[in-house]
Each structure stands twice: as C-alpha cells, then as structure tokens.
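Summary of structural features
Letter by letter, the chains look like this.
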Amino acid sequence: MALLITEECINCDMCVAECPNDAISLGETYYQINHARCTECIGHYDEPSCVQVCPVDCISPDPAHRESQAQLADKYAQMHY
Ligand code: SF4
Ligand code: SF4
C-alpha cells in the first residue's frame, strides 16, 4: 500500500530527494505523499527510502490505499516503462 506522512512531520525536507517516484511534496502544513505514485519503493529499493531517512518516524502505511506487492509492481512499471 502507499505510505502516509502524519502530522508529526517537522517539514525537514529530508525525504523529498530520497523518493525515486517524485511522490513527496509539501502540503498545506506538512509534507504529503501522492498515493498514486508511491510504490513503497518497490522496483527501486528493498525498503521504503523515505522511512529510512525520516528523523521523527512519521511515515506509515496508508490504510486508505491498500495494495498488494503485485499491484505496487504494476504501478512501478506504469510509471517507469
Ligand atoms: S515509500 Fe518510496 S515511493 Fe513511497 S513515498 Fe516513500 S520514497 Fe517515495
Ligand atoms: S523526512 Fe519525515 S519529518 Fe522530514 S519532511 Fe519527510 S516526513 Fe516530514
């Protein structure tokens, strides 16, 4: 499933450059993930790279956008091929 940035985000900007899908941008008050572009980094990395760099651990699975590994791989393929 796509990931979600919660309101604990401190707007440090660390995660933006780490996203291989350009899925992260500044929202109205804190950063947000475009669920249509987030693949949990499938196709690029073994682990979600935004989660690795976030200093306050405020990125978690988005319960509103549940997807299987196969669906995430399809999303990756549609964006990159
Ligand atoms: S999990 Fe990967 S693709 Fe999804 S927002 Fe984080 S860095 Fe981007
Ligand atoms: S790394 Fe974490 S705290 Fe920093 S902008 Fe991204 S989500 Fe927010």
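First things first, this report covers the structure right here in the doc. (Residues numbered from 1 in each chain as written. Chains lettered and ligands numbered in written order. Predicted model: local features only at pLDDT ≥ 70, side-chain atom pairs only at ≥ 80, totals over all residues. Heavy atoms only, no water.)

1. Remarks on the site of ligand 2
What counts, and what does not: A single heavy atom is enough: if one lies within 4 Å of a molecule or strand, its residue is considered near that molecule or strand. Polar here means any residue other than Ala, Val, Leu, Ile, Met, Phe, Trp, Tyr, Cys and Pro, which are nonpolar, and Asp, Glu, Lys and Arg, which are charged; Gly is therefore polar.
As a matter of local geometry, ligand 2 sits amid 14 residues, with C9, C12, D13, C15 and C54 nearest to it. For the shell around ligand 2, the residue count by class is 12 nonpolar, 1 polar and 1 charged.

2. Section: the site of ligand 1
In the vicinity of ligand 1 there are 13 residues, among which C19, C38, C41, S49 and C50 approach most closely. Residue classes in the shell around ligand 1 are distributed as 9 nonpolar, 3 polar and 1 charged.

3. Describing the nonpolar core
Applicable threshold: Residues belong to a common nonpolar core when they are buried Ala, Val, Leu, Ile, Met, Phe, Trp, Tyr or Cys residues joined through side-chain atoms within 4.5 Å. With a 1.4 Å probe rolled over the protein chains alone, any residue whose accessible area is under 20% of its type maximum counts as buried; one over 50% counts as exposed, and the rest are partly exposed. The secondary structure listing takes helices from DSSP runs of H or I that are at least 4 residues long and strands from runs of E that are at least 2 residues long, numbered from the N terminus. Residues are treated as being in contact if the distance between any of their heavy atoms lies within 4.5 Å.
I5, I24, I33 and I59 are the most contacted members of the largest nonpolar core, which has 15 residues in total. Of all the elements in the fold, those that place two or more residues in this core are β1 (3-5) and β3 (31-33). Those residues in contact with I24 that sit more than four places away from it in its chain are I5, C15, V16, C19, Y31, Q32, I33 and C50.

4. A few points about unusual backbone geometry
Positive phi values are uncommon outside glycine, yet D22 reaches one of about 50 degrees. Within the secondary structure, D22 is located in the loop between β1 and β2 (24-26). D22 gets classed as exposed once you look at its relative accessible area, which sits at 61%. Although it is not a glycine, E40 sits at a positive phi angle of roughly 60 degrees. Take E40: it is sitting in the loop between β3 and α1 (49-53).

5. Brief notes about the packing of aromatic side chains
What describes a pair of aromatic rings is the distance from one ring centre to the other and the angle between the planes of the rings. The condition that has to hold: Here a pair means two rings of Phe, Tyr or Trp (six-membered ring of Trp) with centres within 6.5 Å. Their orientation is stacked below 30 degrees between planes, edge-to-face above 60, and tilted elsewhere.
Under the defined criterion, the tally for this structure stands at 1 aromatic pair. Plain terms: the ring middles of Y76 and Y81 are 5.9 Å apart, the flat faces sit at 80 degrees to each other, and that makes the pair edge-to-face.

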